[in-house]
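Here is how the chains run, residue by residue.
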Amino acid sequence: MSPADSDLVTLILGAGGILVLASVIGGVLGWLYSPDGRNVTIENLNDRIRSWWVMVLFLSIALLGGRIGVTLLFALCSFAALREFLTLTNAGRADHWSLVCAFFVVLPLQYYFIWIGWYDMFAVFIPVYVFLLLPIVSAFRGDTRNYLIRVAEVQWALMICVFCASHVPALLTLKLQNFDGRNVLLIAFLVVVVQLSDVLQYVWGKLLGKHKIAPKLSPSKTVEGFLGGSLSATAIGALLWWMTPFNPWQAALMAFIITLLGFCGGLVMSAIKRDRGVKDWGHAIAGHGGFIDRLDSVVFSAPIFFHLTRYFWSV
Amino acid sequence: MTHSQTPADDPPRRSWRDLPRRWAAFVASGAIRIFARLITAVQPEWRGVDPLGPQRIYFANHNSHGDFILIWSVLPHQMRNRTRPVAGVDYWGGRGLRAFIGRDVINAVLIEREREGRQGDPVETMAGALDDGASLILFPEGTRNLTDEVLLPFKSGLFHLASARPNIDLVPVWIENLNRVMPKGEFIPVPLMCKTVFGAPLRLQPGESKTDFLTRTREALLALRPKPAEAS
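Residues numbered from 1 in each chain as written. Chains lettered and ligands numbered in written order. Predicted model: local features only at pLDDT ≥ 70, side-chain atom pairs only at ≥ 80, totals over all residues. Heavy atoms only, no water.

## Digging into empty space enclosed by the protein
Residue and element names in this part refer to chain A.
So, point 1. A full pass over the atoms with the stated rule returns three cavities of 30 Å³ or more.
So, point 2. Roughly 80 Å³ of volume is contained in the largest cavity.
So, point 3. Lining the largest cavity are Asp95, Ser98, Val130, Phe131, Leu134, Pro135, Ser138, Arg150, Val151, Val154 and Gln155.
So, point 4. Of all the secondary structure elements, the ones that give two or more residues to the lining of the largest cavity are helix H6 (125-139) and helix H7 (147-164).
So, point 5. With five residues, H6 is the single largest residue contributor to the lining of the largest cavity.
So, point 6. Its residues assigned to classes, the lining of the largest cavity shows six nonpolar, three polar and two charged. (1 Å grid on protein atoms, 1.4 Å probe; cavity = no way out; pocket = protein on both sides within 12 Å on 5 of 7 lines; lining within 4 Å. Points joined across faces, edges and corners; volume = space filled by probe spheres on them. Helix = DSSP H or I, 4+ residues; strand = E, 2+ residues; numbered from the N terminus. Nonpolar A, V, L, I, M, F, W, Y, C, P; charged D, E, K, R; others polar.)

This is the structure we're talking about:
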């Protein structure tokens, strides 16, 4: 077993331990306060924990599977997220071929460029080429109603769901000092910090939350939840420095940036949901809503984390 | 009431010779449903009825050939095995792949839609399937809605069937978004999330006129449409 693998196994066992603990707590809470399954909060909590088991299982298999596992997993997540996003947009009959291209050409190509590690291409493919070419496909149909809105929506859906999400597997293409063959741990670090930050914000918010941060966007986000969640996730990030190319204070700073962006990502995606009049992006993950509800903070932090690491640590 | 059979409506023979065909139909049915779920992630919303229940006539809006597949995909399998879509023999009868799908995979109740040259009475064919214990999926618009209208006027078949078998629940089912997945004239589906909304059951009231009944059932179906996004 390579050092990267054994670090990964340590991390997965840690996550499994936390989930066992969470399941026990959820089970006891359910037994005490929701024996007939009527307490909405507790039932939602237990739904979430069950979904976490599945997500940790899939992510573990993907991470242990290495490059192909991670690339495939995030390509599938991009597909599911893009499907959720475009369902809520105005894209219609006149955009049919743009949408077909988005799903069956742009998405596979972006992940192919990541797979072969062609940085110069995957960094500009969607923001430059697709941004210019896809509106042409829609324009040919001659439907000008809401044209700018439709084009902007499809472009942004691709940026969020494909471009940003694909920067998670892109972390595997980085060449870092004294870090050969261990890149998969960067992904583990990013995902663990983002998701723990989300969970801890939820927990701190439920325990102490009083002052709402953005009541119009997201009534459940509180100042106490945000501070407690991001600071404790930053601390955990610092404690995970051993699996990264960073030293402890660098790991803490990275974790802090990741949690901050993740939080803002959640707010931005909430704003879109409010605008569209829905509560969740989809219904794929019990207790969590859709794929985007779970991925929103990852997609906002992944490109920045990628570029910061590339700029300061790549050889 | 006599139950006249068209040649296309012979019950499938059950012998070991049919095994490969039945096995192929079983595999094809699973594959079609998996494909439908991959593209649409279809989600049922049981607003007015429970998933499990008595024999029913589901009636739905009709935009695409995939409509009944979405309803079928979300039914519990005990219900699905007894639920047959009503389809035109002109499209699903005949020979080849379409006939295989129409008869063996989805076990459609095939009716003649054109009045001219019709050999059997479609209402009798449907009533016969109900008498055999099947639930039906019916598209009362009569044909696929390829217009910009939300829902075409209902043909009278639903009324005649409800008159013939007044003790069976009529359940409206609104299929949302499938027309965006595959708009008219397109052949590659785009993956978008779909929903099937099941409303409260209806029955023909004593003395209710055809027009009143068709208006009432149509409005019950329209009422299931998800509300457009509201600015908060």
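So, next bit.
## Brief notes about the UniProt feature "transmembrane region" (unreviewed entry) in chain A
All names here are of chain A.
So, point 1. The feature "transmembrane region" (unreviewed entry), as given by UniProt, occupies residues 12-33, 53-82, 94-115, 121-142, 154-172, 184-204, 225-243 and 249-272 in the numbering adopted here.
So, point 2. Measuring from the first to the last C-alpha atom of residues 12-33 gives 31 Å, for a span that is 100% helix and 0% strand.
So, point 3. Across residues 94-115, the secondary structure splits into 91% helix and 0% strand, with the terminal C-alpha atoms separated by 32 Å. (UniProt positions renumbered as here; feature names shortened; annotations may be inferred.)

## Observations concerning the pattern of salt bridges
Residues and elements named next belong to chain A.
So, point 1. Counted under the stated rule, the structure contains 18 salt bridges over all chains.
So, point 2. Its salt-bridge partner being Arg182, residue Asp7 comes within 3.1 Å of it at the nearest N-O pair. Of this pair, Asp7 sits in helix H1 (residues 3-33) while Arg182 sits in the loop between helix H8 (167-170) and helix H9 (184-208), and the two are 175 residues apart along the sequence. Both residues of the pair, Asp7 and Arg182, belong to the buried class.
So, point 3. Across the pair Glu153 and Arg276 runs a salt bridge, and its minimum N-O distance is 3.8 Å. Pair noted here: Glu153 is in helix H7 and Arg276 is in helix H11 (residues 248-276), with a separation of 123 residues, a long-range link.
So, point 4. Ionic contacts of the salt-bridge type, sharing partners, join the residues Glu153, Asp275 and Arg276 into one network. (Salt bridge = Lys/Arg side-chain N within 4 Å of Asp/Glu carboxyl O. Buried < 20%, exposed > 50% of the residue type's maximum accessible area, 1.4 Å probe, protein only.)

## Comments concerning helix H2 (residues 40-64) of chain A
Residue and element names in this part refer to chain A.
So, point 1. With 25 residues, H2 extends 36 Å from end C-alpha to end C-alpha; this agrees with the ideal 36 Å at 1.5 Å per step.
So, point 2. Turning to H2, its buried residues number three or more, namely Ile42, Asn46, Ile49, Ser51, Trp52, Ser60, Ala62 and Leu63.
So, point 3. For H2, the N-terminal capping position is held by Asn39, with its side-chain oxygen 3.1 Å away from the main-chain nitrogen of Thr41.
So, point 4. Once H2 ends, the next one or two residues include Gly66, with phi positive near 75°. (Expected span 1.5 Å × (residues − 1). Polar contact = N/O pair within 3.5 Å; in protein donor to acceptor, adjacent residues only side chain to side chain.)

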